[in-house]
Amino acid sequence: MRVLPVVRSVLFVPGVRPEFIPKADAAGADALVLDLEDSVSHNAKAAARSNLAKALGDRSNRLTFVRINHPAMGSLEADLSVLAPHMNQAIILPKCEHVADVVAVDRQLAAFEHAHGLEADSLTVVVVVESPLGLRNLYEFLVAAPRVRGAALASAEEGDFIVELGAQWTPDGTALAYARGKFACDARAAKAQWLFDGAFMNLTSNEALERESRLARVCGFNGKMAIHPRQVATINQVFSPSDAELERARRMIDAFREAEAQGRGAVQFEGMMVDYANIKRDRKSTRLNSSHSSVSRM
């Protein structure tokens, strides 16, 4: 299995505003999303593709996502034509509802990789769940092709998912509790590596953004999408283990190693029984922290 880089924050940049890219990079997001979909009007799609083609050619050392239009729009080949011949790119497939959507993208990317001498399945696809039907079929999307290694839930206030659900969005996340839980369970069952929560639309409150980010992390997500540079620092902070968490994890691992050396597979640590499952989680946390400063190839 290809191990992907840690991505806590993914910041959107409209394809029609390439001048925003330097500012977006400076915000400290783990990756950018150069957008061809909802932030670009129909009459500006061609210009956005031209912008992205130039930008991606200059970004071989920076992980960059491209949000394409849904294949039903008839522009899949044109959208994927913006890709550059390097591996540090990924495709975000929006409004995914049927496995056929994934298969169509997979075939086009396989042809691109072959034409440019790239390793098979080197380009990753992230599917976006924006409807109850998409949530119902998420597991099937993720096992449809090896390159489908991540998923995102469109959890935004008044976004497509909440509107189609007929629910009322609230800051405590009640309406999306089942959706987030099912999303995380199905994605983990399919061995997805990137689980992204959707954008937070309120740009005026870092406290509210932090609250929703923590809710997503508690549910099992490992990153969140951002729509403004000012959101990045909060998202990165929430989805990174704190110094206290890291110190506790190290002490727990040390205590477990000592017990293991004595032939025991469990140990009492600070009033709680610790076994291999706890250690697996804490080792993951320490690896997560060490990888935040590096961006590897996909």
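Scroll up a little and you will see the structure.
Basis of the calculations
Residues numbered from 1 in each chain as written. Predicted model: local features only at pLDDT ≥ 70, side-chain atom pairs only at ≥ 80, totals over all residues. Heavy atoms only, no water. Helix = DSSP H or I, 4+ residues; strand = E, 2+ residues; numbered from the N terminus. Polar contact = N/O pair within 3.5 Å; in protein donor to acceptor, adjacent residues only side chain to side chain. Core = buried A, V, L, I, M, F, W, Y, C linked by side-chain atoms within 4.5 Å. Buried < 20%, exposed > 50% of the residue type's maximum accessible area, 1.4 Å probe, protein only. Contact = heavy atoms within 4.5 Å. Pairing = 2+ DSSP bridges. Axes fitted to C-alpha atoms, helices over the stretch in contact; angles between N-to-C directions.

*Asks:* Go over the environment of lysine 224, please, and point to the residues and values.
*Replies:* Secondary-structure assignment places lysine 224 in strand 8 (residues 223-226). A sequence separation of 30 residues divides lysine 224 from tryptophan 194, and the C-alpha atoms of the two residues are 9.8 Å apart. Reaching out from lysine 224, the side chain makes a polar contact with the backbone oxygen of glycine 198 at a distance of 2.6 Å.

*Asks:* Any chance you could break down the nonpolar core for me, citing the residues and the numbers?
*Replies:* Membership of the largest hydrophobic core comes to 63 residues, with the highest contact counts inside it found for Val66, Leu83, Ile91, Val127, Leu138, Leu142 and Phe183. If we ignore the near neighbours within four places in the chain, the residues touching leucine 83 are Leu56, Val66, Gln89, Ile91, Leu109, Phe112 and Leu123. Counting 16 residues, the second largest nonpolar core, distinct from the first, contains Val7, Ala90, Val126 and Phe196.

*Asks:* Pulling in residues and values, what's your account of unusual backbone geometry?
*Replies:* A positive phi angle, close to 65 degrees, is found at aspartate 121, a residue other than glycine. A positive phi is found at lysine 191, a non-glycine position, where the angle reads about 65 degrees. Mapped onto the fold, lysine 191 is located in the loop between helix 8 (177-189) and strand 7 (194-197).

*Asks:* Please set out the sheet that holds strand 1 (residues 9-14) residue by residue, giving values where relevant.
*Replies:* Strand order in this closed barrel of 8 strands is 1-2-3-4-5-6-7-8, and the pairing throughout is parallel. Taken over all neighbouring pairs, the strand axes of this sheet differ in orientation by 25 degrees on average, direction set aside. Across 2 bridges, the pairing between strand 7 and strand 8 is parallel. By the bridge assignment for strand 8, aspartate 197 is matched with lysine 224. Those strands touched by helix 8 are strand 5 (124-129), strand 6 (148-153) and strand 7, and its axis lies near 165 degrees from that of strand 7.

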